[in-house]
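Close look at the chain arrangement
Now for the letters of each chain:
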Amino acid sequence: MTSRKVVGMAAALVGLLAVGCGTGVQDEIIRVSRQNNSGTYHYFREEVLGKAREFKSGSLDMSGSKDVVELVARTPGAVGYSGMGYATDEVKMLEVSKDSGEPVGPTVENASSGDYPLARPLYIYVLGEPTGAVKHYIDWIKSHEGQDIVAEIGYVPVNAITPEQSDSPPEATITISGSDTMVNLTQAWAETYGQKFAQVRPEVAGGGSGVGIAKLIDGTVEMANASREMKPEEREKAEANSGEKVVEITVALDALAVYVHKENPLDSISLEELAEIFGDGGTIKVWTQVTGWPIDVQ
Amino acid sequence: MSSNPKAIASDFGHKRISVSRIWHKLGDAAELPMVWLIHICGWSAILFVLAIFAFVFREAAPMLFGQLNLVEFFTSEKWYPDSVIEPQYGILALLAGTGAVTVTSMVFAVPIGLGAAVFISEFCGGKVKETLKIVIEVLAAIPSVVWGFIGVVVVGPLIIQTTGAAVGVNVLNASIILALMSVPVIVSVGEDSLKAVPDSYREAAISLGASRWEVVYKVLFPAARNGLLAAVLLGVGRAIGETMAVLLCTGHAVKIPHSLLDPARTLTATIASELGEAVRGEGHYRVLFVIGVVLFAVTFLVNLTADLVVKGIRGQQHD
Amino acid sequence: MIETKKKDPRQSNPDVRRYIVCPSASGEGQGAMERTFASIETALAAISRENEVANAADDSNTGGEATLALDLIDKLEEADGQRNKPRYRFFYDTHLMGSDGDGTERDPWPDLPSAVAGMTELHQSGRLALDPGDSILLSRRQIFTSTSLERRRKIKEAIAQYVFMAMSLSLVVPVVAILAYLTYKAWPVLSWDFLTLNPQSRMTAGGIWAPLIGTFFLVLISLLMAAPIGVLAGVYLNEYARDNWYTRIINLAVVNLAGVPSIVHALFGVGAFVLAARCGESLLAASCTLAVMTLPVIITSTREALAAVPMSFREACWNMGASRWQTIRTIVLPNSISGILTGIILQVSRAAGETAPILFTGAAFYLKVADKGWESFFPYGLDDRVMALSMHLYTLMTQVNNVPDEIVYGTAVVLIGLVLAVNSFAIVLRVYLRSRKKW
């Protein structure tokens, strides 16, 4: 390595850094999305972008609901979507309007009443009518105890149903996998239920709604959490593989919130604007197009 | 036969039962099966390499020889594997991401790694050397997911503060982390190859009046050139194959990065994030295995080159 | 001239003897400004005279100042506080053999008189043009004075050393800073309880016992599988293999196995253990995957440990009629045990830290594990999924909401600490076993 090469390398590095750290457009909209194993991702694509439209490439695709919110909290120019139960003090949730209606905020009441455009049911899928320990567990989830936990975590409870019998479940290990949006909920249920009925052992894995459904199809889990509906092809495959019918149980409601940095002056956004931001071929690229003035990036 | 009582006892001594004799007899009896076992284990490395390739290739094959358009695969940026309209499998953006992150991390890691290797082996001694070696070992021991964590919580905010970047997880972040991860490999292999240069070379140079720096750059670098190159190649291999750290630090965006501050996505992170969702046997699942084949091939080539380059030393040095 | 005994700033450098040439001054002065001359010729003549006097006094020519300086100034009054700039530099060297020279550094004059003569000649021929404020330096070139060439090289060497030191420091500083920062942020939560309690309240509180015990079992089982195979493979490669193309391929395979990306190991694990061997996602599948991953390094370190045993040991055994296996069993293996053990223990830290291979082969997000008692030590069956420390960190970072920062940092610190502790143990063990060696 001659001294000339060392100097050359250093110059190249400085050059790279200089070019690399070029002045970025400061009010560019940084899109924070989810990876495609996520039910949230699929739900957003279907509801907001429309069935025939893909996401625009170049969004930052995060692993879980939590890191979407964390990244938005750290990035002044970011916008992201995630379950409303993941809100923190560092971010702001936008009110969403649909078809030139009034903007509605993501709250439990608005989700229950259906006013919030991005409210969605959260499902548990099983193969065949549930029996034994699985039935006991699902009944417990739909009871007051389970639904109280739903409210505690920050989701919207569905009408609680008191189970008919409350005897003890048989000893079992229940394998559960799926939605990342629901994973905290699922884990809270598993923890509380497991403490109450020590002979049942729920094993919880996340991975995304797609993972859970895929495993249900393969037969490697007994309960799949999903924050989106199972597609017809998926149902067919599952039924073909197992011979049982797919049973869909709604266990909670979630409002999908649009998060922005807390310094962002924007307060509300329409579904159409969201589609133009996130969708392939969308025309909105910088904040000035949405807010009318750039974000003051510090 | 003697009549000495002690001698008689010792005559019987060699017929006494003892644990160590039984142990040794067992050991001897086990010779044949053990030798067979040893030979089989010797073949295990080849067996596993072939097995890895076989299993990955097997899952990938139906797609690889089936409906996957290879030209589109390597040249298209559109990665929409689960599209409802029509799945598109173009990994150009992912290749660009892997390339950008690897190249940039090597720009950081090679000078620092080789410089540290030279410093440790030629310029310092005693306590400083021990301390540096310990630091390098600490660097090597930190697990990959912890590096990802460091990238997100330490390096990310630092990048935003110093360069005013829009987002802290990007190519630069991942490159810094990968550089820190590859430096130990470069330093240890580089140091070994510098140590392997015979002292007579150094002594000859010094006796001609060379200063330490001149010994390094005029004598040692050319002599250890192959080993140093191998060190760099092994560092490259490590950088290409890294998964968890880049999953967390690159921002995971499917986009050809145009500057160091852009987020990107690598091949390895794509597999890690999407394999769980892909239904077994489906197109998406198999394409992920195809990406696995590509990764395996690339690292195989890199390691093969490093190995051939090192063998080149034996060919050239005949003292 | 009145002698003023004030300290002439020009005389402050004892190695330089200054001769002031001031044409406007009158006469040859004495005292502080003693060597004030009217012209260069008179100055040179004075130098010659002094030299003869000195030579006559004692023969040794080694004392005295090394450098003579002739300073040209305008006015005496300005002499104080002024430093003349050297415009010409001449050299003479009394150790030289030759009788010729032209006063340059490379080819100095042989002695002082010829130096004076040469300078006089230059001045008379007009080639020695001086302006006020300039000076001429005449130095004795000593053998070990650094030439400008040498000085340049020394500077380059110093620069090189500092650059390399900077490169090494640029490694040390970030590592130390990062570790310190992580420990500082994790401090509130680090305690014995953190290690022995299970995660509670949806993993936003409590400890990391379940992942910790999971990692322990993963590592234990994977090493139980990898160590015997690896050690025997190393034995084969070092003791039995002949140096042919076949062995070369095995070596190539070991190197390549070591370089396979961890995610490809995961793909292999899914394909081979989860699917083909029908283990499902389980502790067994994950351990097998980790075993394949740690195998090549165990092979390499065993080989090196065996190679370190001197050949003479083996030869002595063979001379006594022992077979190869007997030799290995009784002499070679026991003597290389330290290196082998070190290699195995170092892989513990690697197996504990990897996430990708267990991601799809057996790691779980959450499992209920008993809080105390016998059950809490053996919570996982071979076909259960397991929680693992590395996976737990990833989960906390990306999926668990409202978890206090300290817990995440704490998990990271425990993971690093575990890895470093195991590595240090391996090194200490190696040093201890080495010290017990008798050869």
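Calculation criteria
Residues numbered from 1 in each chain as written. Chains lettered and ligands numbered in written order. Predicted model: local features only at pLDDT ≥ 70, side-chain atom pairs only at ≥ 80, totals over all residues. Heavy atoms only, no water. Helix = DSSP H or I, 4+ residues; strand = E, 2+ residues; numbered from the N terminus. Buried < 20%, exposed > 50% of the residue type's maximum accessible area, 1.4 Å probe, protein only. Contact = heavy atoms within 4.5 Å. Areas by Shrake-Rupley, 256 points an atom, 1.4 Å probe, with all protein chains shown as cover. Lys, Arg positive; Asp, Glu negative; His and termini not counted. Charge placed at Lys NZ, Arg CZ, Asp CG, Glu CD. Right-handed = clockwise from strand over helix to strand, strands pointing away. Pairing = 2+ DSSP bridges. Domains from an automatic or database assignment. Buried area = accessible area lost by both parts, 1.4 Å probe. Salt bridge = Lys/Arg side-chain N within 4 Å of Asp/Glu carboxyl O. Polar contact = N/O pair within 3.5 Å; in protein donor to acceptor, adjacent residues only side chain to side chain. Phe/Tyr/Trp six-rings, centres within 6.5 Å; stacked < 30°, edge-to-face > 60°. Nonpolar A, V, L, I, M, F, W, Y, C, P; charged D, E, K, R; others polar. 1 Å grid on protein atoms, 1.4 Å probe; cavity = no way out; pocket = protein on both sides within 12 Å on 5 of 7 lines; lining within 4 Å. Points joined across faces, edges and corners; volume = space filled by probe spheres on them. Axes fitted to C-alpha atoms, helices over the stretch in contact; angles between N-to-C directions. Parallel < 35°, antiparallel > 145°, perpendicular 65-115°, else oblique.

Concerning the overall build of chain B
Check the secondary structure of chain B and you find 15 helices and two strands. Put simply, chain B has 319 residues, and 56% of those count as buried. When contacts within chain B are restricted to residue pairs at least 6 apart in sequence, long-range pairs at least 24 apart make up 69% of them. Accessible surface, chain B as shown: approximately 13,600 Å² in total, 67% of it carbon and sulfur. Of the charged side chains in chain B, 22 are positive and 23 negative, and the gap between their average positions amounts to 10 Å.

As for the pairing of strand 7 (residues 172-178) of chain A
Residue and element names in this part refer to chain A. Where burial is concerned, most of strand 7 is hidden: five out of the seven residues are buried. Of the crossover connections in this fold, the one passing from strand 7 over helix 7 (residues 183-196) to the parallel strand 8 (residues 200-207) is right-handed. The sheet contact formed by strand 7 and strand 9 (residues 223-226) spans three bridges and is parallel. Paired with Gly-178 across the strands is Asn-225, a residue of strand 9.

A closer look at the domain arrangement of chain B
Residues and elements named next belong to chain B. Segmenting chain B into domains produces domain 1 (5-66) and domain 2 (88-316). Averaged C-alpha coordinates put domain 1 and domain 2 at centres separated by 37 Å. Contact residues are listed per partner, giving 11 residues for domain 1 and 10 residues for domain 2. Looking at the side of domain 1 facing domain 2, the largest losses of area belong to Val-56, Glu-59 and Met-63, adding up to 54% of the total buried there. On inspection of domain 1 and its partner domain 2, the count reaches one salt bridge. For Arg-286, the salt bridge goes to Glu-59, with nearest N and O atoms at 3.6 Å. Between domain 1 and domain 2 we count two residue pairs in polar contact (both at pLDDT 80 or more) in total.

A look at the sheet that holds strand 2 (residues 36-37) of chain C
All names here are of chain C. Spatially, the five strands line up as an open sheet ordered 2-1-3-5-4, and their pairing is mixed. Since the sheet does not close on itself, it has two edges, and those belong to strand 2 and strand 4 (85-92), each with one partner. Both strand 1 (residues 16-21) and strand 3 (residues 67-72) contribute to a ladder of six bridges, which runs parallel. For Ile-20, the partnering residue across the bridge sits in strand 3 and is Asp-71.

Regarding the packing of aromatic side chains
Residue and element names in this part refer to chain A. The tally for this structure, following the rule as stated, stands at 31 aromatic pairs over all chains. Aromatic side chains Phe-44 and Phe-55 sit 5.9 Å apart centroid to centroid with 15° between the ring planes, which places their arrangement in the stacked category. One end of the pair, Phe-44, is in helix 2 (residues 39-49); the other, Phe-55, is in the loop between helix 2 and strand 2 (60-62), and 11 residues separate them in sequence. For Phe-44, a relative accessible area of 0% gives the class buried. On the basis of an interplanar angle of 45° and a centroid distance of 4.9 Å, the ring pair of Tyr-193 and Phe-197 is categorised as tilted. Here Tyr-193 matches Phe-197 in class, with each residue buried. By way of ring pairs, the aromatic residues Tyr-41, Phe-44, Phe-55, Tyr-81 and Phe-278 are connected into one cluster.

Regarding the side chain of His261(A)
Residue position: His261(A) is located in strand 10 (residues 246-261). Beyond its immediate stretch of four places on either side in the chain, His261(A) contacts Val72(A), Ala73(A), Thr75(A), Pro76(A), Ala78(A) and Lys92(A).

As for unusual backbone geometry
All names here are of chain B. Positioned with a positive phi, His-252 is a non-glycine residue whose angle comes to about 55°. Mapped onto the fold, His-252 is located in the loop between helix 13 (244-249) and helix 14 (267-274). The class of His-252 is buried, set by a relative accessible area of 1%.

Considering the pairing of strand 10 of chain A
Residue and element names in this part refer to chain A. Most of strand 10 sits inside the fold, with 14 of its 16 residues counted as buried. As paired elements, strand 3 (residues 78-83) and strand 10 share five bridges and run antiparallel to each other. Its bridge partner lying in strand 10, Val-79 is registered against Val-260. Sheet topology places strand 4 (residues 91-93) next to strand 10; three bridges connect them, and they run antiparallel. Bridge assignment links Met-93 to a residue of strand 10, and that residue is Tyr-259. With nine bridges joining them, strand 6 (residues 119-127) and strand 10 adopt antiparallel strand pairing.

Examining the interface of chain B and chain C
Counting residues at the interface gives 81 residues for chain B, matched by 75 residues for chain C. Both faces considered, chain B and chain C share a buried interface measuring about 6,900 Å² in area, 78% of it formed by carbon and sulfur atoms. Contact with chain C buries area across many residues of chain B, yet Ile38(B), Ile52(B) and Phe149(B) alone supply 9% of it, more than any other trio. Linking chain B with chain C are two salt bridges. Of the charged contacts in the structure, one is a salt bridge between Arg153(C) and Glu214(B), with a shortest N-O distance of 2.9 Å. Across the contact surface, chain B and chain C share nine residue pairs in polar contact (both at pLDDT 80 or more). Considering only residue class, the side of chain B that touches chain C consists of 55 nonpolar, 17 polar and nine charged.

Here's the deal with empty space enclosed by the protein
Per the counting criterion, the structure on display carries seven cavities of 30 Å³ or more. Empty space within the largest cavity amounts to approximately 500 Å³. Around the largest cavity sit 33 residues that line it, and Gly207(A), Val211(A), Gly276(B), Leu359(C) and Phe360(C) are the ones nearest its centre. Those elements that place two or more of their residues in the lining of the largest cavity are strand 8 and helix 8 (209-218) of chain A, helix 14 of chain B together with helix 13 (389-398) of chain C. Partitioning the lining of the largest cavity into residue classes produces 15 nonpolar, 11 polar and seven charged. Taken together, 18 residues make up the lining of the second largest cavity; nearest its centre are Tyr41(A), Asp61(A), Trp79(B), Val254(B) and Arg265(B).

Considering the packing of helix 10 (residues 324-353) of chain C against helix 14 (residues 405-435) of chain C
All names here are of chain C. Two numbers describe how helix 10 lies on helix 14: the axes approach to 9 Å, and their chain directions differ by 180°. Classified by the angle their axes make, helix 10 and helix 14 are roughly antiparallel. Taken together, the residues of helix 14 that come into contact with helix 10 (itself represented by Ser-338, Leu-341, Thr-342, Ile-345, Leu-346, Val-348, Ser-349 and Ala-352) are Leu-415, Val-419, Val-422, Asn-423, Phe-425, Ala-426, Leu-429, Arg-430 and Leu-433.

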